[in-house]
Amino acid sequence: MTKVLLIEDDKETAGEITAELADRGFDVEWSSDGLDGLAKARNLRPDAMIVDRLLPGMDGLTVIESLRKDQVRTPVLVLSALGAVDDRVRGLRMGGDDYLTKPFAIVELVARIEALLRRPLETRETILRVGQLELDLIERTARRGDRNIDLLPREFRLLEYMMRRCDQLLTRAMLLEEVWNYKFVPATNLVDVHMGRVRHKVDGPGDTPMIHNVRGAGFILRAVP
């Protein structure tokens, strides 16, 4: 049974989340305090975590940061009433894997947890490398050779997904589902726009291209010396 640790101090919200996840077959452990939640995260080693940002005892981002420093790579969904871009970016940079703003639909929360759990479990390393390209999952930094690459959170997630699947053809539908958590394929150029930005940053002037557009099919990331 998939174990989820919920750290949320609002009893009503916690009850709704727990009931919905339990109905879907998850084993949910609840904590209403940051310090207690951190202790449970270390002892129980859940498959996924849902962490509220503002908690008594220890705030949620400090909980996540402490776990990442301990090399705990459990996927974390951050909940917060703070929805500004800077707040979301900070939540992701502190080690959160996804961010959901309150109020939210329970079905969306469940979908996001399911998406986090579908990410490969066999690759929990903290640094990904493909040729000269390097992605630090804890510091949230990227480099190609001696050049630093400045990535926005979604661009970072997109490049991470591609690096974990080097030399594999990735369709737009796959990317929309796994990187954007869509359950359907909308008529949008979202993937192409973001991919264009990532390609421009990764494949700089004079660099041998690493990201390739396979016409009518999708994209491939290939290593170069």
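Residues numbered from 1 in each chain as written. Predicted model: local features only at pLDDT ≥ 70, side-chain atom pairs only at ≥ 80, totals over all residues. Heavy atoms only, no water.

### A short note on the nonpolar core
- In this structure, Leu133, Leu135, Leu159, Met163, Leu175, Val202 and Leu221 are the most contacted members of the largest nonpolar core, which totals 28 residues.
- The element best represented in this core is helix H6 (residues 153–163), accounting for six residues.
- If sequence neighbours within four positions are ignored, leucine 221 has contacts with Val130, Leu133, Met162, Met163, Cys166, Asp167, Met210 and Ile211.
- Counting residues in each nonpolar core, the second largest holds 18 residues, with Phe26, Ile106, Leu109 and Val110 among its members. (Core = buried A, V, L, I, M, F, W, Y, C linked by side-chain atoms within 4.5 Å. Buried < 20%, exposed > 50% of the residue type's maximum accessible area, 1.4 Å probe, protein only. Helix = DSSP H or I, 4+ residues; strand = E, 2+ residues; numbered from the N terminus. Contact = heavy atoms within 4.5 Å.)

### Structural notes on the environment of valine 130
- Along the chain, valine 130 falls in strand E6 (residues 127–130).
- Of the residues examined, valine 130 reaches a relative accessible area of 6% and is grouped as buried.
- Separated by 104 residues in sequence, valine 130 and phenylalanine 26 place their C-alpha atoms 35 Å apart.
- Contact partners of valine 130, with chain neighbours within four places excluded, come to Met163, Cys166, Met210, Leu221 and Ala223.

### Quick look at the pairing of strand E7 (residues 133–136)
- Bridging between E6 and E7 involves four bridges; their strand directions are antiparallel. Of the residues in E7, the one forming a bridge with valine 130 is leucine 133.
- Taking the residues between adjacent antiparallel strands as the criterion, E6 and E7 are bridged by two residues, where glycine 131 takes a positive phi near 60 degrees.
- Looking at chain direction, E7 and strand E8 (residues 141–144) are connected through four bridges and run antiparallel. (Pairing = 2+ DSSP bridges.)

### With respect to the domain arrangement of the protein chain
- Examined at the domain level, the protein chain breaks down into domain 1 (3–117) and domain 2 (127–221).
- Sorting the residues of domain 1 by area buried against domain 2 places Arg73, Arg93 and Ala115 first, and these three jointly supply 45% of that buried surface.
- Here domain 1 is connected to domain 2 by zero residue pairs in polar contact (both at pLDDT 80 or more).
- Going through the elements one at a time, helix H4 (85–93) and helix H5 (106–118) are the ones with two or more residues in the side of domain 1 that touches domain 2.
- A per-element tally of the side of domain 1 that touches domain 2 places H5 first, with four residues.
- Each residue belonging to the side of domain 1 that touches domain 2 can be placed in one class, and the counts come to four nonpolar, one polar and six charged. (Domains from an automatic or database assignment. Buried area = accessible area lost by both parts, 1.4 Å probe. Polar contact = N/O pair within 3.5 Å; in protein donor to acceptor, adjacent residues only side chain to side chain. Nonpolar A, V, L, I, M, F, W, Y, C, P; charged D, E, K, R; others polar.)

### Some thoughts on the sheet that holds strand E2 (residues 27–31)
- If you walk across this open sheet you meet the five strands as E2-E1-E3-E4-E5, and the pairing is parallel. Of all the strands in the sheet, the pair left with one neighbour each is E2 and strand E5 (98–101). Pairs of neighbouring strands in the sheet enclose a mean axial angle of 20 degrees, with direction left out of account.
- Both strand E1 (residues 3–7) and E2 contribute to a ladder of five bridges, which runs parallel. (Axes fitted to C-alpha atoms, helices over the stretch in contact; angles between N-to-C directions.)

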